[in-house]
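Each chain, written out:
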Amino acid sequence: MNQWLAFRAVETNDEKPVVKSSWQLVDDSCLPQIGHEKGEGEVLIKVCYSSVNYKDALSAAGNRGVTRDYPHTPGIDAAGTVVSDASGQFEEGAAVVVFGYDLGMNTCGGYGEYIRVPSAWVLAKPEELSFEDSMRWGTAGFTAALSVEKLLKADIKPSAGKVIVTGATGGVGSVAVALLAKLGFEVVAVTGKESAKEWLLTLGASEVLSRDELLPMAKKPMTRPLYQAGVDTCGGDMIAAVLPQLQYGGALTTCGMVAGADFSASVFPFILRGVDLLGVDSVEIPQTDKLLLLKKVANEWQLPSLADFTKTIGRAELAEVLANVLSGKGQGRYLLDLAQD
Ligand SMILES: NC(=O)c1ccc[n+]([C@@H]2O[C@H](COP(=O)([O-])OP(=O)(O)OC[C@H]3O[C@@H](n4cnc5c(N)ncnc54)[C@H](OP(=O)(O)O)[C@@H]3O)[C@@H](O)[C@H]2O)c1
């Protein structure tokens, strides 16, 4: 192997982050080597598909909270085949999926035709899950599935009331809406995109609420208990606006911070309604849990509509899609086909 294509992000010094990345030819020296501190670059993988997540947009725009050193190849998701494995765990040609840990953050990620990662990050792709579907789900979809799983463990039931999803047109939000609807829940989708109302109803939402209608609730300590539970993907005031509207014993998951990392809320929903706020992490969860998740989305949680609300893009479109996601204009999921121009 000599040189291959990778989407290289450069640091930006602009006050407002902008995507400045472009496709360049790179060589093996940009990947972690065996014995490298980032976990013994054991498994060399030829990547066929990746996906686009909010964190990828931050990395591609030079955000040092995500990526310390530039130039860098983003891509927190990757699906492909094993070229070689120094650990002996995977055979040449094995179909694998990698997401989370340090991939695409400070280790070259899935926006390059090759990655080299520790074997502890690599998951054997279930046969029932195509390469394409594994990346249509991708980190955003897996995070939606983990959020729904947390709510089910908190005993939410379709018969017990509505579930609200914020950032509903985003990657995590759109999969959460579709999955909850598939499981029989009545879903209220919250969006900042007036034009996406019909799209969200098609996805499975039974009601669509504008962000502007929800946000005033952030100022209230407690209000009418409209929702059994919620999946928040935005953070900030969006969390503060959902908490006061949860029913007795309700639960809200939190995974993101596009609307802010801090929020201010009253303790009343917690101490008078026994409400739970549940954190969701898809990055550091144990490999065994990641494998169980892959099997679940490939089988009982399979989403036939996922291909309909995922746009397949080639290399030429990636920069524009990342810029849209960075500015909150993304809609649904994006599958990156590395073989497509
Ligand atoms: N904890 C984890 O393991 C984990 C994993 C994956 C993602 N995340 C986090 O989850 C969040 C969502 O990720 P994603 O990939 O789904 O991102 P995304 O595709 O960009 O979706 C975010 C959505 O949030 C809404 N939004 C954007 N800016 C907003 C604002 N200022 N106020 C309120 N809503 C806003 C928009 O939807 P509408 O226009 O429909 O409102 C946007 O499409 C990110 O913060 C990401 O880092 C965390």
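Residues numbered from 1 in each chain as written. Predicted model: local features only at pLDDT ≥ 70, side-chain atom pairs only at ≥ 80, totals over all residues.

Caption draft 1: Focus on the overall build of the chain. Each helix and strand counted, the chain has nine helices and 15 strands in total. In summary, the chain has a C-alpha radius of gyration of 20 Å against a globular reference of 20 Å for 341 residues, a match within 12%. With the principal axes as the frame, the chain shows a C-alpha extent of 65 × 45 × 35 Å. Long-range contacts, defined as pairs at least 24 residues apart, comprise 69% of the intrachain contacts of the chain with a sequence gap of at least 6. (Helix = DSSP H or I, 4+ residues; strand = E, 2+ residues; numbered from the N terminus. Rg over C-alpha atoms; globule rule 2.2 N^0.38 Å. Contact = placed C-beta atoms within 7 Å.)

Caption draft 2: Structural detail: the pairing of strand β6 (residues 114-117). Judged by which residues are buried, β6 turns out to be covered on both faces: Y114 and R116 on one side and I115 and V117 on the other are all buried. In terms of strand pairing, strand β3 (residues 43-51) meets β6 through four bridges, oriented antiparallel. Each bridged residue has a counterpart across the sheet, and for I45 the counterpart in β6 is I115. (Buried ≥ 20, exposed ≤ 12 C-beta atoms within 10 Å, placed from the backbone. Pairing = 2+ DSSP bridges.)

Caption draft 3: How the structure looks around the domain arrangement of the chain. The domain architecture assigned to the chain consists of domain 1 (3-125 + 309-337) and domain 2 (141-279). On a C-alpha basis, the centroid separation for the pair domain 1 and domain 2 is 30 Å. Taken together, the nine residues of domain 1 in the interface contact 11 residues of domain 2. Residues belonging to the side of domain 1 that touches domain 2 are distributed by class as follows: three nonpolar, five polar and one charged. (Domains from an automatic or database assignment. Nonpolar A, V, L, I, M, F, W, Y, C, P; charged D, E, K, R; others polar.)

Caption draft 4: Quick look at the site of the ligand. Close to the ligand lie 32 residues; Y54, G167, G170, G256 and G328 are nearest. Breaking the shell around the ligand down by element, the ones donating at least two residues are α1 (54-60), α2 (131-153) and α3 (171-182). Residue classes in the shell around the ligand are distributed as 13 nonpolar, 15 polar and four charged. When residues of the shell around the ligand are assigned to domains, at least three map to each of domain 1 (3-125 + 309-337) and domain 2 (141-279). (Near = placed C-beta within 6 Å.)

Caption draft 5: Local environment of the pairing of strand β8 (residues 162-165). Sheet analysis places β8 next to strand β11 (residues 227-232), joined by four bridges and oriented parallel. When the sheet's bridge partners are listed, I164 is paired in β11 with G230. Here three bridges tie β8 to strand β9 (residues 187-191), and the two strands are oriented parallel to one another. Bridged to V165 within β9 is A189.

Caption draft 6: Representation of the packing of α2 against helix α8 (residues 287-298) within the structure. Two elements in contact, α2 and α8, have axes separated by 11 Å at closest approach and are oriented at 90°. Judged by the inter-axis angle, α2 sits roughly perpendicular to α8. Contacts between α2 and α8 pair W137, F142, A145 and L146 from the former with L293, K296 and V297 from the latter. (Axes fitted to C-alpha atoms, helices over the stretch in contact; angles between N-to-C directions. Parallel < 35°, antiparallel > 145°, perpendicular 65-115°, else oblique.)

Caption draft 7: Broad picture of the sheet that holds β8. Spatial ordering of the open sheet is given by β10-β9-β8-β11-β12-β13, a layout of six strands whose pairing is parallel. The two strands at the open ends of the sheet, each matched to only one other strand, are β10 (207-210) and β13 (276-279). Each neighbouring strand pair of the sheet contributes to a mean axis angle of 20°, computed without reference to strand direction. The sheet contact formed by β11 and strand β12 (residues 246-254) spans five bridges and is parallel. Bridged to Y227 within β12 is L246.

Caption draft 8: Here's a closer look at the packing of α2 against α3. Look at α2 against α3: their axes get within 8 Å of each other, and the N-to-C directions meet at 50°. When the axis of α2 is compared with that of α3, the two are oblique. The handedness of the crossing between α2 and α3 is right-handed. In this structure, α2 uses A140, G141, T143, A144, A145, S147 and V148 to contact α3, whose residues at the interface are G171, V172, V175, A176, L179 and L180. Along the lines of polarity and charge, the residues of the contact of α2 with α3 split into nine nonpolar, four polar and no charged. (Left-handed = near helix turned anticlockwise from the far one by under 90°.)

Caption draft 9: Unusual backbone geometry, seen in detail. Between Y70 and the following residue, P71, the backbone shows a cis peptide bond with an omega angle of -5°. As for its position among the elements, P71 is in the loop between α1 and β4 (77-85). Positive phi, normally seen in glycine, also occurs at Y101, with a value near 50°. Locating Y101 in the fold gives a position in the loop between β5 (95-99) and β6.

Caption draft 10: Quick look at the environment of G110. Structurally, G110 can be placed in the loop between β5 and β6. Using a count of 31 C-beta atoms within 10 Å as the deciding quantity, one classes G110 as buried. Placed 54 residues apart in sequence, G110 and D56 show a C-alpha to C-alpha distance of 9.9 Å. In this structure, G110 is in contact with V47, S50, G75, D77, A78, G104 and I115, ignoring residues within four places of it in sequence.

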